[in-house]
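Each chain, written out:
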Amino acid sequence: MIERSLADLARALATKEISSVELTRLYLDRISRHNPQLNAFITVDPAISLAQARAADERLARGEGGPLTGIPLAHKDIFCAQGWLTTCGSRMLSNFVSPYDAAVIARFKAAGAVLLGKTNMDEFAMGSSNETSFYGPVRNPWELNCVPGGSSGGSAAAVAARLAPAATGTDTGGSIRQPAALCNLTGMKPTYGVVSRYGMIAFASSLDQAGPLARSAADCAVLLNAMAGFDERDSTSLERPTEDYGRDINTATADKPLAGLRIGLPAEFFGDGGSPEVMQLVDAAIADYRRLGAETVAVSLPSMSLSVAAYYVIAPAEASSNLARFDGVRYGHRAPQYRDLDDMYSKSRAQGFGAEVKRRLLIGTYVLSHGYYDAYYLQAQRIRRLIASDFAAAFRQCDVIIGPTSPSTAFRLGEKAADPVQMYLSDIYTIAVNLAGLPGISIPCGFAGGLPVGLQLIGNYFDEARLLGTAHRYQQATTWHLQHPDQFDD
Ligand code: GLN
């Protein structure tokens, strides 16, 4: 059961091979046995999950089930869920029970999916290793001494260890794609504005976007179909006709299914940034794509080398503004003892935020302050525009861009924790995509030293369906995505 695709699970539920209550119990049981080792979940609440499963079973019995009705899903603890502790991985929100549902949560609820639990994450989604969480690090199911990636590391570890059939994540600079790569999953960041950010705790609002983390592109399409859609409560949500993100997946296969597809290979992705083992597997995947009929063209993204620097001005700037709301007054942590209002603010924030969050808030406040705004913030915005133009030029020559997702496989816990710049460089291949607002997906493409390697596919705006289809064709021809860590088989 735990290796079945979401479509197969939906069929098993529809034909009464299994009930949603049984399926939910199966996963709750796996969580109680394996989560202590992995620390992938912050909150599980079997009573709520099973009540939702019972409601799903009734809906299925009435013949009103959809593709996700009765399927348990794990959600990153960045999404507000009514009646659930919603911490964003922070001590600041360690006492916050959300009074309302985020748009993403509400959409899955409407689809009849079961909320299986809230997953661990880097504090306020700031990190690439899940080590900044107030709830402790998550371990990589492939190698427990290694990080699962971040910031959606709990979701990635949960799906990789089969503690959930699929999960959600958010991606501000790579936080869906990088943990997908490090845990052998398929993870997609959609075009900015496709999924509503309402009720998703804000980190850097011009970059944040939610997306699916699953075992295959086909599963990601099922999740994205439920997640995407206009929401007037998010001013950056896009009003577009509904589309089926699985449309390029559910078509008949041909001998050369990708004939006519032009894959762009940016010189900047194939320099000396990636480790040799990773680059070798990326090259092999590109050769597979040629066998599937795609042609490759050389493209260039000359400003990409500035993306990490620009991101670490823009993202902290936006974070410093967004996180100003955590002041100990309205909700969240309040210092138990203080002299006056100012002291209450500063003590509450000093106690509530961890070191990485404080570092970002200091950087963000600095770059936005009078005298530095032009030198740093405006300059970074100009670079952002150049990066977007680079992609626009590249997409005049190709349909999909391919490269590595992460420069290395999963690193050891603690290995980069003391060196923020090394940590920030984990995202050299993913951040430009967020700065440009484009969709990107990471898919498994092999193993180096027993650890998974991810291949990144980047599409033009709103090209999610084609990206998912391009990923799916590769997954039809290869078995990397089917590999799973065997220590959680029981
Ligand atoms: N690792 C990046 C950061 O620390 C991206 C995180 C994310 O995408 N949420 O900001």
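Residues numbered from 1 in each chain as written. Predicted model: local features only at pLDDT ≥ 70, side-chain atom pairs only at ≥ 80, totals over all residues. Heavy atoms only, no water.

Counting its secondary structure elements, the protein chain contains 15 helices and 11 strands. In terms of overall dimensions, the protein chain is globule-like: its C-alpha atoms have a radius of gyration of 21 Å, near the 23 Å expected for 490 residues. Summarising its shape, the C-alpha atoms of the protein chain cover approximately 70 × 55 × 45 Å along the three principal directions. Burial analysis of the protein chain (490 residues in total) assigns 61% to the buried set. (Helix = DSSP H or I, 4+ residues; strand = E, 2+ residues; numbered from the N terminus. Rg over C-alpha atoms; globule rule 2.2 N^0.38 Å. Buried < 20%, exposed > 50% of the residue type's maximum accessible area, 1.4 Å probe, protein only.)

The topology assignment puts serine 19 in the loop between α1 (6-14) and α2 (20-38). As a C-alpha pair, serine 19 and alanine 56 span 37 residues in sequence and 8.9 Å in three-dimensional space.

Turning to the site of the ligand, a few remarks are in order. Close to the ligand lie 15 residues, the nearest being Gly173, Ser175, Tyr311, Arg360 and Asp427. Measuring from a nitrogen atom of the ligand, one finds a side-chain N or O atom of serine 151 at 3.4 Å. Side-chain polar atom of tyrosine 311 to an oxygen atom of the ligand: 2.6 Å apart, as the coordinates give it. (Near = heavy atom within 4 Å. Polar contact = N/O pair within 3.5 Å; in protein donor to acceptor, adjacent residues only side chain to side chain.)

Turning to a nonpolar patch on the surface, a few remarks are in order. A cluster of nonpolar residues, Tyr366, Tyr372 and Tyr376, forms a patch on the protein surface that exposes about 290 Å² of accessible area. For tyrosine 376, the location among the structural elements is in helix α12 (residues 373-394). (Patch = residues over 30% accessible without salt bridge, like charges linked within 9 Å, V, L, I, M, F, W, Y side chains within 5 Å. Areas by Shrake-Rupley, 256 points an atom, 1.4 Å probe, with all protein chains shown as cover. Salt bridge = Lys/Arg side-chain N within 4 Å of Asp/Glu carboxyl O.)

Attention now goes to the pairing of strand β5 (residues 186-189). Of the two faces of β5, the one holding Thr186 and Met188 and the one holding Gly187 and Lys189 are both buried throughout. With 2 bridges joining them, β5 and strand β6 (residues 210-214) adopt antiparallel strand pairing. By the bridge assignment, threonine 186 is partnered in β6 with alanine 214. Where β5 and strand β10 (residues 440-448) come together, 3 bridges link them in antiparallel fashion. (Pairing = 2+ DSSP bridges.)

Turning next to the pattern of salt bridges. Scanning the entire structure with this criterion turns up 23 salt bridges. With its nearest N and O atoms 2.9 Å apart, the salt bridge here joins aspartate 171 to arginine 177. Overall, arginine 177 belongs to the buried group, its relative accessible area being 0%. Close ionic contact of arginine 262 with aspartate 399 constitutes a salt bridge, the shortest N to O distance being 3.0 Å. Taken together, the positions of arginine 262 in strand β7 (residues 262-266) and aspartate 399 in the loop between α12 and β9 (400-404) put the pair 137 residues apart, joining distant regions of the chain. Residue aspartate 399 is classed as buried on the basis of its relative accessible area, which comes to 12%. Taken together, the salt bridges that share partners define one network made up of Arg262, Asp399, Asp463 and Arg466.

With that settled, the discussion passes to the nonpolar core. In this structure, Leu68, Phe124, Tyr289, Phe391, Leu457 and Leu468 are the most contacted members of the largest nonpolar core, which totals 157 residues. At 9 residues, helix α9 (residues 307-322) tops the list of elements feeding residues into this core. If we ignore the near neighbours within four places in the chain, the residues touching leucine 468 are Met188, Ala217, Cys220, Ala221, Leu224, Tyr245, Ile249 and Ile441. (Core = buried A, V, L, I, M, F, W, Y, C linked by side-chain atoms within 4.5 Å. Contact = heavy atoms within 4.5 Å.)

What follows covers the packing of α9 against helix α11 (residues 355-368). At a minimum axis distance of 7 Å, the contact between α9 and α11 shows a crossing angle of 100°. Considering the angle they form, α9 stands roughly perpendicular to α11. Residues Tyr312, Val313, Pro316, Ala317, Ala319 and Ser320 of α9 pack against Arg360, Leu361, Ile363, Gly364, Thr365, Val367 and Leu368 of α11. Residue composition of the contact of α9 with α11, grouped by class: 9 nonpolar, 3 polar and 1 charged. (Axes fitted to C-alpha atoms, helices over the stretch in contact; angles between N-to-C directions. Parallel < 35°, antiparallel > 145°, perpendicular 65-115°, else oblique. Nonpolar A, V, L, I, M, F, W, Y, C, P; charged D, E, K, R; others polar.)

Before going further, it helps to spend a moment on the side chain of arginine 473. By the element assignment, arginine 473 lies in helix α15 (residues 464-477). No salt bridge forms around the buried arginine 473; measuring N to O, its nearest opposite-charge neighbour aspartate 248 is 7.2 Å away. (Lys, Arg positive; Asp, Glu negative; His and termini not counted.)

Attention shifts here to the environment of leucine 163. Relative to the helices and strands, leucine 163 resides in the loop between α5 (153-160) and β4 (167-170). Accessibility expressed as a relative area gives 0% for leucine 163, which makes it buried. Remark: the alpha-carbon pair of leucine 163 and alanine 40, spanning 123 residues in sequence, is separated by 9.0 Å. Apart from the residues within four sequence positions on either side, leucine 163 is in contact with Tyr27, Arg30, Ile31, His34, Asn35, Leu38, Phe41, Leu116 and Ala158.

As a further point, take α11. The first and last C-alpha atoms of α11 sit 20 Å apart over 14 residues, in line with the 20 Å expected at 1.5 Å per residue. Taken residue by residue, α11 has Glu356, Val357, Arg360, Leu361, Gly364 and Val367 as its buried positions. Taken down its axis, α11 places every buried residue within 140° of arc, on the same side. Relative to its buried face, α11 has exposed residues pointing more than 90 degrees away, namely Ala355, Leu362 and Thr365. (Expected span 1.5 Å × (residues − 1). Arc of directions from axis to C-beta.)

Take the packing of aromatic side chains next. Using the criterion set out here, one finds 18 aromatic pairs in the structure. A ring pair is formed by tyrosine 289 and tyrosine 474, whose centres lie 5.3 Å apart and whose planes are at 20°; its orientation type is stacked. Taken together, the positions of tyrosine 289 in helix α8 (residues 276-291) and tyrosine 474 in helix α15 put the pair 185 residues apart, joining distant regions of the chain. The class for tyrosine 474 is buried, based on a relative accessible area of 0%. Relative to tryptophan 480, the ring of phenylalanine 447 has its centre 6.2 Å away and its plane inclined at 55°; by these criteria the two rings are tilted. Of the two residues, phenylalanine 447 is situated in strand β10 and tryptophan 480 in the segment after α15; the sequence distance between them amounts to 33 residues. In this structure an aromatic cluster arises from ring pairing among Phe96, Phe124, Phe326, Tyr331 and Phe353. Taking the ring centre of phenylalanine 411 as reference, the NZ or CZ of lysine 416 above it sits at 4.3 Å. (Phe/Tyr/Trp six-rings, centres within 6.5 Å; stacked < 30°, edge-to-face > 60°. Lys NZ or Arg CZ within 6 Å of the ring centre and 35° of its normal.)

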